[in-house]
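In case you want the letters, here they are:
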Amino acid sequence: MALPDALLELADDHLVLGHRLSEWCGHAPMLEEDLAMPNMALDLIGTARSLYTRAGELEGKGRTEDDLAYFRGERDYRNILLVERPNNDFAQTMLRQLYFAAFMEPYWQAALDSTDDVVRGVAGKAVKEVAYHIRHAGEWVIRLGDGTEESAERMQEAVLDLHPYTGELFDEGSVEGEGALPSRAAMHGAWEATMKDIFAQALLDWPEELGQMRGGRTGQHGEQLGHMLAEMQSLARAHPGAVW
Amino acid sequence: MTGEIPLWEVFIRPRNGLAHKHVGSIHAADEVMALQAARDVYTRRGEGTSIWVVPSAAITASDPDQSGENFDPAADKIYRHPTFYDIPDEVGHM
Amino acid sequence: MYSQGLIGADSRTEETPEFLEAFQKRIDAEEKIEPNDPMPEGYRKTLVRQIGQHAHSEIVGMLPEGNWITRAPSLRRKAALLAKVQDEGGHGLYLYCAAETLGVTRKQMTEELLSGKAKYSSIFNYPTLTWADIGAIGWLVDGAAIMNQIPLCRCSYGPYARAMIRVCKEESFHQRQGYELMMSLAQGTEEQKAMAQDALNRWWWPSVMMFGPHDSESQHSDQSMAWKIKRFSNDELRQKFITATVPQAQYLGLSIPDPDLTFNEETQMWEHGPIDWNEFWRVVKGQGPVSRDRVKARKTAWNDGAWVREAALAHAEKRKTRKMAAE
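Not measured: the values here are computed from a predicted model.

Participant: Can you help me understand the overall build of chain A in this one?
Facilitator: Helices and strands together make up the secondary structure of chain A, namely nine helices and zero strands. Secondary structure elements in chain A, listed N-terminal to C-terminal, are α-α-α-α-α-α-α-α-α. A compact globule built from 244 residues would reach a C-alpha radius of gyration of about 18 Å, and chain A, at 17 Å, matches this within 12%. Taken along the three principal axes of its C-alpha coordinates, chain A extends 55 × 40 × 30 Å. Residue burial in chain A is summarised as follows: out of 244 residues, 62% are buried. For chain A, long-range pairs separated by at least 24 residues make up 78% of all intrachain contacts whose partners lie at least 6 apart in sequence.

Participant: What am I meant to see in helix α12 (residues 306-326) of chain C here?
Facilitator: One turn of the α-helix equals 3.6 residues, which is why residues spaced by three or four share an orientation. Under the 1.5 Å per step criterion, the end-to-end length of α12(C) is 30 Å for 21 residues, consistent within 8% with the ideal 30 Å. Within the span of α12(C), buried status applies to A306(C), W307(C), V308(C), R309(C), A311(C), A312(C), L313(C), H315(C) and A316(C). The secondary structure elements touched by the buried residues of α12(C) are α5 (90-111), α6 (117-145) and α7 (149-162) of chain A together with α11 (291-304) of chain C.

Participant: Is there a simple way to think about a nonpolar patch on the surface in this case?
Facilitator: A grouping of I78(B), Y79(B), F84(B) and Y85(B) is seen on the molecular surface, where their side chains present a nonpolar patch of about 420 Å² in accessible area. If you trace the backbone, Y79(B) turns up in the segment after α2 (67-71).

Participant: Teacher, can you tell me more about the side chain of Q233(A) here?
Facilitator: Residues and elements named next belong to chain A. Take Q233: it is sitting in helix α9 (residues 223-238). Here Q233 falls in the buried class, since its relative accessible area comes to 4%. Of note is the side chain of Q233, whose polar atom sits 3.0 Å from the backbone oxygen of A69. A polar side-chain atom of Q233 sits 3.5 Å from the main-chain carbonyl oxygen of Y70. Those residues in contact with Q233 that lie beyond four places of it in its chain are A69, Y70, F71, R72 and Y77.

Participant: I'm lost on the environment of P206(C) in this one. Help?
Facilitator: Within the secondary structure, P206(C) sits in helix α7 (residues 190-209). Residues P206(C) and P257(C), 51 residues apart in the sequence, show an inter-C-alpha distance of 12 Å.

Participant: Would you explain the interface of chain B and chain C in this entry?
Facilitator: Much of the literature gives interface size as the accessible area that the parts lose upon coming together. Listed per partner, the contact involves 22 residues of chain B and 24 residues of chain C. Taken over both partners, the interface formed by chain B and chain C buries close to 2,000 Å², and the fraction arising from carbon and sulfur atoms is 53%. Note that E47(B) and R166(C) form a salt bridge whose closest N and O atoms lie 3.6 Å from each other. Our enumeration of links across chain B and chain C arrives at ten residue pairs in polar contact (both at pLDDT 80 or more). Residue assignment for the side of chain B that touches chain C shows that the elements contributing at least two residues are β2 (21-27) and α1 (31-42) of chain B. For the side of chain B that touches chain C, the per-class residue count stands at twelve nonpolar, four polar and six charged.

Participant: I would appreciate a short explanation of the nonpolar core in the present structure.
Facilitator: Most often, soluble globular proteins keep nonpolar side chains buried together rather than apart. Y52(A), L95(A), W108(A), I26(B), Y43(C), W131(C) and Y157(C) are the most contacted members of the largest nonpolar core, which totals 194 residues. Sequence-distant contacts of W131(C), that is, excluding residues within four places in its chain, are made with L235(A), W244(A), W68(C), A72(C), P73(C), R77(C), L81(C), L181(C), L185(C) and M195(C).

Participant: Explanation requested: the environment of R319(C) in the structure shown.
Facilitator: Residue position: R319(C) is located in helix α12. On a C-alpha basis, the gap between R319(C) and G212(C) in space is 49 Å, while along the polypeptide they are 107 residues apart. Within the local environment of R319(C), its side chain forms a polar contact with the side chain of E31(B), the two groups lying 2.7 Å apart.

Participant: Explain the interface of chain C and chain A to me, please; I cannot follow it from the model alone.
Facilitator: On the side of chain A, 47 residues touch chain C, which itself brings 46 residues to the contact. Carbon and sulfur atoms supply 66% of the area that chain C and chain A bury against each other, a total of about 4,000 Å² over both sides. If you sort the residues of chain C by the area they bury against chain A, L75(C), Q86(C) and W307(C) come out on top, with a joint share of 20%. Elements with a minimum of two residues in the side of chain C that touches chain A: α2 (41-66), α3 (75-100), α6 (158-186), α7, α11 and α12 of chain C. With 14 residues, α3(C) is the largest single contributor of residues to the side of chain C that touches chain A. Taken together, the residues of the side of chain C that touches chain A sort by class into 24 nonpolar, ten polar and twelve charged.

About the thresholds
- Residues numbered from 1 in each chain as written.
- Chains lettered and ligands numbered in written order.
- Predicted model: local features only at pLDDT ≥ 70, side-chain atom pairs only at ≥ 80, totals over all residues.
- Heavy atoms only, no water.
- Helix = DSSP H or I, 4+ residues; strand = E, 2+ residues; numbered from the N terminus.
- Rg over C-alpha atoms; globule rule 2.2 N^0.38 Å.
- Buried < 20%, exposed > 50% of the residue type's maximum accessible area, 1.4 Å probe, protein only.
- Contact = heavy atoms within 4.5 Å.
- Expected span 1.5 Å × (residues − 1).
- Patch = residues over 30% accessible without salt bridge, like charges linked within 9 Å, V, L, I, M, F, W, Y side chains within 5 Å.
- Areas by Shrake-Rupley, 256 points an atom, 1.4 Å probe, with all protein chains shown as cover.
- Salt bridge = Lys/Arg side-chain N within 4 Å of Asp/Glu carboxyl O.
- Polar contact = N/O pair within 3.5 Å; in protein donor to acceptor, adjacent residues only side chain to side chain.
- Buried area = accessible area lost by both parts, 1.4 Å probe.
- Nonpolar A, V, L, I, M, F, W, Y, C, P; charged D, E, K, R; others polar.
- Core = buried A, V, L, I, M, F, W, Y, C linked by side-chain atoms within 4.5 Å.

Okay, structure coming up:
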């Protein structure tokens, strides 16, 4: 797989998760969270934009960030399944965020040594952003896991629902580890350490045996991504060539 | 029924060398979340390098009814100010 | 954004004439009033009501624009809109905090909003039907709000004035964002142009109404002006807004849907035709096109979030207990 494709995978992860978070805007459980979630969403969308632009440059076909975001269908999107999972409730949203950020933090750390200037630049910015995402989502996971009976139940259910989608985080493409992008598999230790530490504080059981779901990297998505993209792309596609 | 989530006062140091300054308040259940909320609400445009949060309930304020006795007596102590003292110009800046 | 002429405030007070006179003297001397200062009950109530309405307007105001975050047609627009809607949430937050210095809680104010007792700016009871509405809201609704809000930065009540200074500073990008969006549509395809004109047609009159009833009909204005909660009358601000906006519409090549709009050479002001106040009052009283949806959306968010807030409080109690046990 060529570098532009690998960058697209990464960009899709960020845009899809950022979009999911943005769906909360105006509907959060408390006003403070109506400010916190857009902060994270804006970080993710910002990263996606830089990565799409870089992928387009390297691809050399003149595609812009918007061409890549708005004019590829669900079979062409290459994000992992985890990030496209619907928001459901606040417990699921925070856990999904934590699973992803706990992976991206060591990933961006490693990408600070990338051979690609743009990737290095993105990593420098993103590594701090995701470190905060770990803290914010992590503190919520702890509070919900060790809050009320209801919140603990919801948190435990979120683990059962989402944990099966975490294995795909570590699936290697072919350019990983070759200099421009870090190895994904190599992040597993750091990810598990972060997650287990937070799970212990949240009084959550670490699920050892949960069948793993895969397919996002090959365009085999769940049913929800199509709906998300249909909504996201509807206006842009209704006016092809228009400038906004 | 949910109780009231406590109110916190937020103080931000705009940059090193300056004191923390009161910027507003937020609601949070505990001090960790209060700091995060303060960060997410009050530093979105690079307004600070350090944050303090204090439970609003922990602040003791002077009583405005006593502001006369508290603050007016300072008004006539002009000998506390340098301009009270006459020094000839020839002595130079002092 | 989004303050509106205060609706239905009760500014009656029962203090002694001496007390009221001393208070008025402080106001006239441009002294700021701070939270614990003695103040007439009517002053306090008017402020609670006005700041509360203002805060609710910001919070409800997240919904019409939020309606397009997930459909923004470019990533640049998506980020800008998300940041703007987030700002509205922040402004609601600052304002609730300012009102809380007067002895009400955010929870009480929220409950009043959800029960329909508290009002908010009627402009948000109109739906956002196309992407151009996002431009029109930024340009017109924020533009109208700025006219209202800049004088509020000098309001006699310190915490409100300080919150408004922060709000106005942050909002400086909102109107520009909206106008730039309208510009891209006005310079775009025929369909985009039509979309822009349609949005202007629908948002013009509600924006003009945002300043509240005519001065002759506005019963609470005089006391609010005397207390320097309000610094300009509804009609003065409306006039300023229209005069600023007409040339901006001309630059876009869009026409303002008011056949009676005329330029007064003498005052150098644009003057509007008759306003349909029946519509204004209908919408204020909760019969706007999407009034019910707006309050329902807020209720759903509040109710769905209850378990999260409860968990946060329960966890905070546990932390406290553990900390005490450890000491």
